[in-house]
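Next come the chains, spelled out residue by residue.
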Amino acid sequence: NCFDTYLVDTSAASGMVDYPAGTADYPNDDSKCWRFTCSQYVVISWLTFDTESSNDVLKVTNGLGVETDLSGSSIPSERAFQGNVLMRFTSDSSSQNSGFSFSWVCGPAPTGTAGNCFDTYLVDTSAASGMVDYPAGTADYPNDDSKCWRFTCSQYVVDYPAGTADYPNDDSKWISWLTFDTESSNDVLKVTNGLGVETDLSGSSIPSERAFQGNVLMRFTSDSSSQNSGFSFSWVCGPDTAEMTPVVSSKENCFGKV
C-alpha cells in the first residue's frame, strides 16, 4: 500500500532519512514507506518532525507487529524498535508540511531490555528533567502490551524535593508519581536500578516518592484481561552532591524503600 518503498540498507549499520529531500513541503495524497531489515533493534533519533496533526501520519510497525502512529509538530522522543521495522507515511488532500528527518542505528538491544519490550523509549536525560505519561491521552492501555523506558542517568533519576521546600541533609533523592492505575499483580511496572535491584509496582495506589540509583530501566507489561488508565510521573536526573548522597549503606542506597 505504498507508492514508493525505500529498502533501507541496514548493512551500513547507521544512516539518515530526510522526507521530503530538500526544502519543499511533502505533497498531498502521498504514501511513502521505509523498510529496515534489522535483526536486532532500530534506534531512531528524530531531528525534525512536522506533519498535519492526526491527518498526515507516520505509522511505525515493529518486528512484532506493534504499531505506533506519529503526527503533529512535536519532535518525538528517541525510540528503539525491535526487529524488522516498517515506516509508512500517508498524507491527505489538505495541508502540506515540511515532513521529518531522523538518524538511525541498527544494533543490539539497548542495555537491560533483553529484547522483551515492544518499544523502548530512550529518555533524554540530558534535559535533566521531564515527565512520562502512559498511555498518552485518556484511553486505557492495551492488553498484552510491553513498554520500556530507559534512563541513562549517571547519578539518580529523581523528582526532589516535592513542593518548594529545600532538601534535607543526609537524604536520598526521589521520583514523583502523579497517577497510577494498573490491574493489581497482573499488569506490572518493573523498575530496575543501576545496581540490578528490582521493584514491582501495580494496583491503584499512587506509589510513594522514590529514588533510583544510576541507569534505570522501567518495563511495563499487561496481560490479556483488564485495561486500566496507566500511570504518569515526573523525574529529574539529579546531581550527586555531598549533601544529597545517601549515607546509609545498603544494596539499594535509597531511603524510604517501599
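For this particular structure, what's the right way to read unusual backbone geometry?
With the exception of glycine, the majority of residues adopt a negative phi angle, and the majority of peptide bonds are in the trans configuration. With an omega dihedral of -15°, the bond running from Tyr19 to Pro20 counts as a cis peptide bond. On the secondary structure map, Pro20 appears in the loop between β2 (14-19) and β3 (31-36). With an omega dihedral of -10°, the bond running from Tyr134 to Pro135 counts as a cis peptide bond. A positive phi angle, near 55°, is found at Asp29, a position not held by glycine. With respect to the secondary-structure elements, Asp29 resides in the loop between β2 and β3. Residue classification places Asp29 among the partly exposed residues on the basis of a relative accessible area of 46%. With a phi angle near 75°, Ser185 is a residue other than glycine that sits in the positive phi range.

How do you make sense of the pattern of salt bridges when you look at a structure like this?
One pass over the full model with this rule turns up 5 salt bridges. Across the pair Lys59 and Asp69 runs a salt bridge whose closest N-O atoms are separated by 2.8 Å. Residue Lys59 is found in strand β5 (residues 57-61), and its partner Asp69 is found in strand β6 (residues 67-70); the two are separated by 10 residues along the sequence. Judged by its relative accessible area of 28%, Lys59 is partly exposed.

When you look at the confidence of the model for the protein in this model, what are you seeing that I'm missing?
In low-pLDDT regions, the fine details of the predicted coordinates are not to be read closely. Chain-level pLDDT for the protein is 78 on average; 79% of the residues reach the 70-or-more range. Confidence drops under pLDDT 50 across residues 159-165; counting only partners more than four residues distant or on other chains, this segment forms 16 contacts. The low-confidence segment residues 167-173, where pLDDT is below 50, has 33 contacts with residues more than four positions distant or belonging to other chains.

Could you clarify how one ought to interpret the side chain of Asp145 in this entry?
Locating Asp145 in the fold gives a position in the loop between β11 (129-134) and β12 (146-151). What makes Asp145 buried here is its relative accessible area of 7%. A polar contact is formed between the side chain of Asp145 and the side chain of Lys147, at a distance of 3.0 Å.

Please explain the environment of Lys147 as it appears in this structure.
The residue Lys147 is located in strand β12 in this model. Taking C-alpha positions, Lys147 is 5.4 Å from Cys117, a pair spaced 30 residues apart along the chain. Apart from residues lying up to four places away in sequence, Lys147 is in contact with Val66, Cys117, Asp119, Tyr121, Tyr134, Met218, Arg219 and Phe220.

Where do I start with the sheet that holds β3 in this structure?
Across a sheet, paired strands are connected by hydrogen bonds in the backbone, their directions being either parallel or antiparallel. In spatial order, the strands read β1-β3-β8-β5-β6; together these 5 strands make up an open sheet with mixed pairing. Looking at the sheet topology across the chains shown, the edges are occupied by β1 (4-8) and β6. Taking the axes of each pair of neighbouring strands and ignoring which way they run, one obtains an average angle of 15° across the sheet.

Hey, could you run me through the pairing of strand β15 (residues 188-192) in this one?
Each regular strand shows side chains that alternate between the opposite faces of the sheet. With 4 of 5 residues buried, β15 is to be regarded as a mostly interior element. As paired elements, β15 and strand β18 (residues 216-221) share 5 bridges and run antiparallel to each other. What sits directly across from Lys190, in β18, is Arg219. Here β15 pairs with strand β16 (residues 198-201) via 4 bridges, running antiparallel.

Please explain the sheet that holds β2 as it appears in this structure.
A sheet is described by the order of its strands in space; here 9 strands give the open sequence β2-β9-β4-β7-β10-β12-β18-β15-β16, paired in mixed fashion. The two strands at the open ends of the sheet, each matched to only one other strand, are β2 and β16. Averaged over all pairs of adjacent strands, the angle between strand axes in this sheet comes to 20°, irrespective of strand direction. Both β2 and strand β9 (residues 99-107) contribute to a ladder of 6 bridges, which runs antiparallel.

How each quantity is defined
- Residues numbered from 1 in each chain as written.
- Predicted model: local features only at pLDDT ≥ 70, side-chain atom pairs only at ≥ 80, totals over all residues.
- Heavy atoms only, no water.
- Helix = DSSP H or I, 4+ residues; strand = E, 2+ residues; numbered from the N terminus.
- Buried < 20%, exposed > 50% of the residue type's maximum accessible area, 1.4 Å probe, protein only.
- Salt bridge = Lys/Arg side-chain N within 4 Å of Asp/Glu carboxyl O.
- pLDDT = per-residue confidence, 0-100.
- Contact = heavy atoms within 4.5 Å.
- Polar contact = N/O pair within 3.5 Å; in protein donor to acceptor, adjacent residues only side chain to side chain.
- Pairing = 2+ DSSP bridges.
- Axes fitted to C-alpha atoms, helices over the stretch in contact; angles between N-to-C directions.

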